[in-house]
Amino acid sequence: MGADSGRYRGTESRISQWLRRRPKPQPEADDAARLALLLAVAEAGMPISPAAHPVGYRCSCERIGCPTPARHPVSFAWQTQSTTDRAQIERWAAGQPLANFITATGMVHDVLDVPLPAGLAALERLTAAGIDVGPVAQSGDDRLLFFTATRGTPEDEDEWWPCELDCHPETMDEHPGLRWHCRGSYVLLPPARLPGELDVHWIRGPEHPLPDPLTLLETLTDACAQYAAAESGLDHGAVAWPLGR
C-alpha cells in the first residue's frame, strides 16, 4: 500500500472520531426553522421544488421498490417547477409539512457530491489552505455535497453538459466516487429526513458565496482517489477516479 494511502487512513480515523463526537441532529426541524432554511437557499438564487419524504423505511411516493426513498422530486416537472419565489415556497412548506425539497442544479449552481470521508478530508485541506469554500451539506451517513457556481449559462451553451445521475437513480451505484451535478440533475436540500433516522443538514450554510467549482476540484478528486486507494488497498497513483457527468 502506498504512502498516500497510509496518510489517508490516519485522516479517516480522525474523521471517524469527529463523527462519533458530533451531536446527533434533531430528527425534524420545526416549521419556522425549516421554512427559514428553504428561503435562505432561494435568496441565494438556488431554485427548489418539493420532494418525497420517508414513511418509516419506505418512501411517501408508495412506489414498490423505490430506488431512492425520500430523495426524489414529487413531480416529473421538477425542472420547470423549481423556483426561488418566496410566496410559492411558503405555500409548499405550509401545504406539505412533511415534504423534503430538492434544488435543481445547472441553472445557478452545481454540486460536487463526494463520499463523506473524502469530503471531510478535502474540506479540512481546503480551509487550511485558505480557499473559499461555499455551502457544504452532509447527506445521510455517506455523502458530502459541495455547492458551487455553475460552469455554464444559456449564453455559453458549449460550457454545459448533461448530468443525469439523479434523474435516473438506478445508475447512481455506478458512480461511487465524485458526482458532478449540473444541468439536468438535482440534490436533496437541508433540512431533509431520510429513512433510518438519517438526515441532510448544512455544515456550511447557503449564506456562503458559491465558488468556482474548479477551485475545489483538484482537492476533491485527490481526496476521492486516496479514499478509493485506502478502500481497495491499491497505491494512490494506480487509481483513476472518474467524474460523474
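Below, the structure is looked at part by part. Computed from a prediction, not measured in an experiment: that's the story for all the values here.

## A word on helix α4 (residues 86-95)
Link 1 in the chain: Regarding α4, the residues found buried are Ile89, Trp92 and Ala93. The buried side chains of α4 occupy one side of the element, clustering within an arc of 95 degrees when seen end-on. Within α4, the exposed residues directed more than 90 degrees away from the buried face are Arg91, Ala94 and Gly95.
Link 2 in the chain: Check the buried side of α4 and you find it contacts α2 (31-43), β1 (48-51), α3 (78-81) and β4 (100-104).

## A few points about the packing of aromatic side chains
Link 1 in the chain: Taken as a whole and assessed by the stated rule, the structure comprises three aromatic pairs.
Link 2 in the chain: Look at Trp78 and Tyr186: their rings are 4.8 Å apart centre to centre, the planes differ by 75 degrees, and that puts the pair in the edge-to-face class. Here Trp78, found in helix α3, pairs with Tyr186, found in strand β9 (residues 186-188); they are 108 residues apart in sequence, far enough to count as distant.
Link 3 in the chain: Judged by centre distance (5.1 Å) and plane angle (55 degrees), the ring pair of Phe147 and Trp202 falls under tilted. With Phe147 in strand β7 (residues 143-149) and Trp202 in strand β11 (residues 198-204), the pair connects residues that are 55 residues apart, well separated along the chain.
Link 4 in the chain: For Phe147, a relative accessible area of 0% puts it in the buried group.

Calculation notes
- Residues numbered from 1 in each chain as written.
- Predicted model: local features only at pLDDT ≥ 70, side-chain atom pairs only at ≥ 80, totals over all residues.
- Heavy atoms only, no water.
- Buried < 20%, exposed > 50% of the residue type's maximum accessible area, 1.4 Å probe, protein only.
- Helix = DSSP H or I, 4+ residues; strand = E, 2+ residues; numbered from the N terminus.
- Arc of directions from axis to C-beta.
- Contact = heavy atoms within 4.5 Å.
- Phe/Tyr/Trp six-rings, centres within 6.5 Å; stacked < 30°, edge-to-face > 60°.

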